[in-house]
Amino acid sequence: MKKTIELKISGMHCASCATLNERALKAVAGVEKASVNLAAEKAFIVFDDAKTDVGALVKTIKKTGYDARVLAENDSDGETARRRKAIDSLRNKFILSAALSAPMLYFMLFDFIRGLPGSIVLAPYIGIISLVLTTPVQFIIGARFYKGLWSSLRMRTFNMDSLIAIGTTTAYAYSVINYAIYAIGNNSLVGLTGKISDLYFETAAFLITFVILGKWLEMKTTGKTSDAIKKLMGLQVKTARVVRNGQTMDIAIEEVKRGDIVVVRPGEKIPVDGIITKGFSAIDESLVTGESLPVEKKAGDSVIGSTLNKVGSFEFEAKRVGSETMLAQIIRLIEEAQGSKAPIQGFADRISAYFVPTVIGLAIITFLYWFFIFGAPLSFALMAFTAVIVIACPCALGLATPTSLMVGTGKGAEYGILIKGGEPLEAACNINTIIFDKTGTLTKGKPEVTDIVPMSVLLSGAKDLLTEKEILTISASLEKLSEHSLAEAIYKSGKEKNITLQEVHDFKAIPGRGVQGKIDGMEYYFGNRKLAGETLGLPLENINNKISQLEQQGKTAMILATKENILGAIAVADTVKETSKEAVAKLQAMHIDVYMITGDNERTAKAIASQVGITNILAEVLPQDKANEVKKLQTAGKKVAMVGDGINDAPALGSGTDVAMEAGGIVLMKSDLNDVVSAFELSRQTMNKIKQNMFFALFYNVIGIPIAARVFAFAGLILKPELAGLAMALSSISVVSNSLLLRYFRPGRKNYASMFAPVIMVLIFTFLFVEFARLSSQMGN
């Protein structure tokens, strides 16, 4: 049986770490799909439980050198506490590492500022003090890097830990060897004539310190990317007031059962989803739908858990509890979206797979070039080797996509736009054609009866076989058993006119055409022209003029007939939503072709389309044919999106009303079509941010590696390893900060911060690279 599991992975530092875990999981027998998200620190795995189990998956990740555990439901508090503990641990390690490294910073100043207090006295002891201070930084605080190196070697690959471990070990080992040679040769642990030369303990210590600083700041910053999830989780109600055995009692939310009667008073949050059984109120549903105005509710209306009751008191029957509630589903969908990958992430993954080995190769070439070809001192060549190793850590590349996805999907949730992952987000960015279903999407979906047309009106001079009341009675009786939106309007009209409905036998729905059934032994048919003309073979030529007049007014005419005669017709009209015309105009301004698809005839379709400004019309399309219409446009080279909300759209959407959140790529919680525009705007801004981040990540390496390799040494530009480590950390922070600019997204508004900040960031970090290089040249090797 196929199962899906979500694991929390601890200890990942870069894109290579995520790739390493992903590769290990995919190698497990029975795993069909595995996706590891660096920013979210999660793995989403689809597997066959007949071939493997969760324990084996967790064990696999632990074998690669990382920690893994199953994410428990409703464990937001525990997850927050664990993240806080991890952040505090990194902070404490940084403070300790900085404290141990600080004296060596003071020692470095001896070379630049003469006469510093203690410089003459301390100079001979710098070597032994630096060795003592650096050793715990290298092997205790830096132990994580050796552990990561060992894990990657077991998987026959390299990752960021490999680079840091190799770089710092090179500087540390070179210094220890030089110190040992000096101490043995001079029979002294201190400098006999002052400072011992060619010792680079501070390089290893500062490098580890700066990397730990970068990871600490990075973890603090990435924590902000999932603010939307934290806000939603914080909105979940803790207790509920229920009526059991005639007694009203407060119980924990986890104890509420389906069928419980729940009492809600003014100002309280609604605990779970349900149907009002008694009372009425106005409810603020903005947290789910983004709609600012309260929605009036009465008996029979549905309510959503965690929304706010404003004025009235009411009772409702619990229908969805626990993980079934809409808020729980939304949280789960956003978590899955934030942990998913956009197709563009494959580009970063392919680069990361070859990046680290390539960097090690470049570092070796750099060493050989300087030492053997140019005859540079061993210390110079080794420091160049170490700087290249360190500057090229692919952290920024690994964070480029997931951080943007996390902020983008979270921001969408604030506005009632649920983007279910990287794939639909990226697809939405490329859409150039959109198809709107008519009923319930462009229109309000609540049509009303406008005309009851007896035969004498349909055909001038014809004899009426039924009165208007009889036509409505038979039609409403038939439509009572139908699920179509037009049927509800006719049934509702019958109830409003106090018509006594008749019992229908042998009822049958005819998809795309209408219904049939027997009343008092007579077989009646009620539906569109195809039902009367093609199914029954009745002549329509004489009544076409009247039917066409109704359709040109935007009304849908339904014909009542028997096998022998047409008895009359009922016209129903659906009104266009207030926002439909505005949304269509905005989409067209974004150079997106807009189509309308409907089962209505062409005249009715054109009448509605003209009201909203749509010229591309697909009329008289049966539900089962909607998918074919979408495919036709795709075959013509168009990137198509379908927007609909009804069960009849299921073949094209892949969803129905009750399962829309499971199947739809993007789910709009409100009925405002401007949200379609907002979804496209958000997708475009998020994809732009991902592309900017990837540019940053590659740009930093393009300018950083040559400087680290000392290609521009002739111009006085070199990059010491410790400053290369700081530059690498800053590059990761810049990528995360750039993603966070999406938090300023507002529908219909320019995000100037997002537009101009990247350019400023590039200028700032280019300046920092150059300044680090100049500072390095002043510090020497």
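Because the structure is predicted, anything quoted here is derived from the model rather than measured. (Residues numbered from 1 in each chain as written. Predicted model: local features only at pLDDT ≥ 70, side-chain atom pairs only at ≥ 80, totals over all residues. Heavy atoms only, no water.)

## Comments concerning the overall build of the chain
Point 1. When its secondary structure is counted, the chain shows 29 helices and 25 strands.
Point 2. Residue burial in the chain is summarised as follows: out of 781 residues, 54% are buried.
Point 3. Contacts in the chain between residues at least 24 apart in sequence constitute 72% of all its contacts with a sequence separation of at least 6.
Point 4. Accessible area for the chain stands at about 34,700 Å²; split by element, carbon and sulfur atoms hold 57% of it. (Helix = DSSP H or I, 4+ residues; strand = E, 2+ residues; numbered from the N terminus. Buried < 20%, exposed > 50% of the residue type's maximum accessible area, 1.4 Å probe, protein only. Contact = heavy atoms within 4.5 Å. Areas by Shrake-Rupley, 256 points an atom, 1.4 Å probe, with all protein chains shown as cover.)

## Digging into the packing of aromatic side chains
Point 1. Under the counting rule described, the total for this entry stands at 13 aromatic pairs.
Point 2. Measuring from ring centre to ring centre gives 5.2 Å for Phe139 and Tyr172, while their planes differ by 85°; the resulting arrangement is edge-to-face. Residue Phe139 is located in helix α5 (residues 126–141), and its partner Tyr172 is located in helix α7 (residues 160–186); the two are separated by 33 residues in the primary sequence.
Point 3. Under the relative-accessibility criterion, Tyr172 is labelled buried at 11%.
Point 4. Among the aromatic residues, those joined into a cluster by ring pairs are Phe139, Tyr146, Tyr172 and Phe201.
Point 5. One Lys or Arg, Arg710, reaches over the ring of Phe380 and ends 4.5 Å from the middle of that ring. (Phe/Tyr/Trp six-rings, centres within 6.5 Å; stacked < 30°, edge-to-face > 60°. Lys NZ or Arg CZ within 6 Å of the ring centre and 35° of its normal.)

## A few points about the packing of helix α21 (residues 544–552) against helix α23 (residues 602–612)
When two helices pack together, their arrangement is captured by the angle between the axes and the distance separating the axes.
Point 1. Between α21 and α23, the shortest axis-to-axis distance is 7 Å and the interhelical angle comes to 20°. Between α21 and α23, the angle is such that the two are roughly parallel. At the point where α21 passes α23, the crossing takes the right-handed sense. From α21, Ser548, Glu551 and Gln552 reach across to α23, where they touch Arg603, Thr604 and Ala607.
Point 2. When grouped by side-chain class, the residues that make up the contact of α21 with α23 number one nonpolar, three polar and two charged. (Axes fitted to C-alpha atoms, helices over the stretch in contact; angles between N-to-C directions. Parallel < 35°, antiparallel > 145°, perpendicular 65-115°, else oblique. Left-handed = near helix turned anticlockwise from the far one by under 90°. Nonpolar A, V, L, I, M, F, W, Y, C, P; charged D, E, K, R; others polar.)

## Remarks on helix α22 (residues 580–589)
Point 1. Inspection of α22 places Ser580, Ala583, Val584 and Leu587 among the buried residues, and these make up the whole buried set. Buried residues of α22 fall within an arc of 100° about the axis and therefore sit on the same side. Structural note: α22 exposes Lys581 and Ala589 on the side pointing more than 90 degrees away from its buried face.
Point 2. The inward-facing, buried residues of α22 contact β15 (433–437), α16 (438–442), β22 (593–597), α23 and α27 (674–708).
Point 3. Phi for His591, located one or two positions after α22, is positive at around 65°. (Arc of directions from axis to C-beta.)

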